[in-house]
Amino acid sequence: APFEGRGTMGSPGWKPTAGELRARESGTRRPLSFRASVSRRQCDAAALSGDKTIAHRWSGGVNCLELDETERRYLLAGTVDAVVAVYDTEQPTKTDRTTGHATHEPLIRVAKGSAEGAEGGVGGARGTGGHLFSVSCAAWYPVDTGMFFTGSFDQTVAAWDTNTASRVLTFHFDAKVYDISMAPNASSHCLVAVGTGHPQVRLCDPNSGNVTHTLTGHREAVWATRWMLGSEWILATGGGDGDVRLWDIRRAGSFMRLDASNVRVGEVDALEEALEAPDRGFIPAGPAPPTRRNVDSVPAHLFSDDAVRCGGSGWGSRYGTGR
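Figured I'd write up the structure that's included with this text. Predicted, not measured: the structure shown is a model, and the values here were computed from it. (Residues numbered from 1 in each chain as written. Predicted model: local features only at pLDDT ≥ 70, side-chain atom pairs only at ≥ 80, totals over all residues. Heavy atoms only, no water.)

### Let's talk about the overall build of the chain
Right, so step 1: Along the backbone of the chain there are five helices and 21 strands.
Right, so step 2: Sorting the 323 residues of the chain into buried and exposed places 37% on the buried side.
Right, so step 3: Considering only residue pairs separated by 6 or more positions, the chain has 42% of its internal contacts joining residues 24 or more positions apart.
Right, so step 4: Put simply, the chain shows about 18,600 Å² of open surface, and 52% of that area lies on carbon and sulfur atoms. (Helix = DSSP H or I, 4+ residues; strand = E, 2+ residues; numbered from the N terminus. Buried < 20%, exposed > 50% of the residue type's maximum accessible area, 1.4 Å probe, protein only. Contact = heavy atoms within 4.5 Å. Areas by Shrake-Rupley, 256 points an atom, 1.4 Å probe, with all protein chains shown as cover.)

### Points about the sheet that holds strand 15 (residues 210-215)
Right, so step 1: One open sheet accounts for four strands, arranged 12-13-14-15; its pairing is antiparallel. The sheet terminates laterally at strand 12 (177-182) and strand 15, the two strands that pair on one side only. Recorded for the sheet is a direction-independent mean angle of 25 degrees between the axes of neighbouring strands. (Pairing = 2+ DSSP bridges. Axes fitted to C-alpha atoms, helices over the stretch in contact; angles between N-to-C directions.)

### Looking at the sheet that holds strand 1 (residues 52-54)
Right, so step 1: The three strands lie next to each other as 1-6-5, forming an open sheet whose pairing is mixed. Whereas interior strands pair on both sides, the edge strands pair on one side only; in this sheet they are strand 1 and strand 5 (94-95).
Right, so step 2: Sheet topology note: the strand 5/strand 6 (residues 102-104) ladder contains two bridges and is antiparallel. Across the sheet, residue Lys-94 finds its bridge partner in strand 6, namely Thr-103.

### A closer look at the nonpolar core
Right, so step 1: Ranked by size, the top nonpolar core spans 16 residues in total, and within it Val-157, Phe-173, Val-177, Ile-180, Val-192 and Val-194 carry the most contacts.
Right, so step 2: When near neighbours in sequence (up to four residues on either side) are disregarded, Val-192 contacts Phe-149, Ile-180, Ser-181, Met-182, Arg-202, Leu-203, Cys-204 and Pro-206. (Core = buried A, V, L, I, M, F, W, Y, C linked by side-chain atoms within 4.5 Å.)

### Some words on the pairing of strand 11 (residues 166-172)
Successive residues of a regular strand alternate their side chains across the two faces of the sheet.
Right, so step 1: Buried residues dominate strand 11, accounting for six of its seven residues.
Right, so step 2: By the bridge criterion, six bridges tie strand 10 (residues 156-161) to strand 11 in an arrangement that is antiparallel. Opposite Ala-158, over in strand 11, you have Thr-170 as the bridge partner.

### Side note on unusual backbone geometry
Right, so step 1: In the Ramachandran plot, Arg-72 falls in the positive-phi region, its phi being about 55 degrees despite a non-glycine side chain.
Right, so step 2: Note on placement: Arg-72 falls in the loop between strand 2 (62-67) and strand 3 (74-79).
Right, so step 3: Residue Arg-72 is classed as partly exposed on the basis of its relative accessible area of 47%.
Right, so step 4: Here the phi dihedral of Gln-155 falls at roughly 70 degrees; this positive angle occurs in a residue that is not glycine.

In structure tokens, the structure reads:
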């Protein structure tokens, strides 16, 4: 369908001309070419909405935005100056009757807290204290907009009650929190995956208020965490070491490692096996990790019975001959 948006000054967006539509209808313009042209020109004509404003009530930049998956309506924002805000993107706070311009004020705004207020939610006790430092990540509870989570550089992850705008639970860590995520289709758990400045990935259980899993494998800080849509047990993480690792949280260790500098092809598709694990009851370990032995770094197709190994003195010996 043609682009129906409005530009910054209220001008209509780009639409295909009558000649272009006739060419497409007659078949002189191929479908893929027409679609690519429409997409490109729509992108060129796109502009900021001239009739809707999201009012910001903070002074710094925005670190994270999260739209709820339940109603696709409530927008969660975390900022550099430790402010957390929730907006209703459908129902404006006020509308100018003359111009029709809509303004959306935050339904919830949690300001930067103090050291005393931030501790208010530890152990399940209620508190209203905001984060002490920059809010780096945010996530809605997957099946209910009554709760959301935020992570901060103050080394904490907080759970918030949307109805009372208060902190109800706090998880403490020993490094900055870079990312959090929850499994969107989980029915057996409600774990929050947390990536911090520490190489270990932590899984937090809001029901018990404890860290229930620690996944070890990355060598540097964990910057990204995402749950797989196809399985509530599979977690993908990315770290500062350049690795993307896939984990089945029911077992120890990652079963797949995506490393651009060390590609290893296994005989078994470990991801497919892990996704089918509930039915098959067995999860393969995947390809064996490389070792420090020089012989292990040589590709299989380069091995030969007559290969000569060269030493520093210039002499050589043949494998298996003892010379």
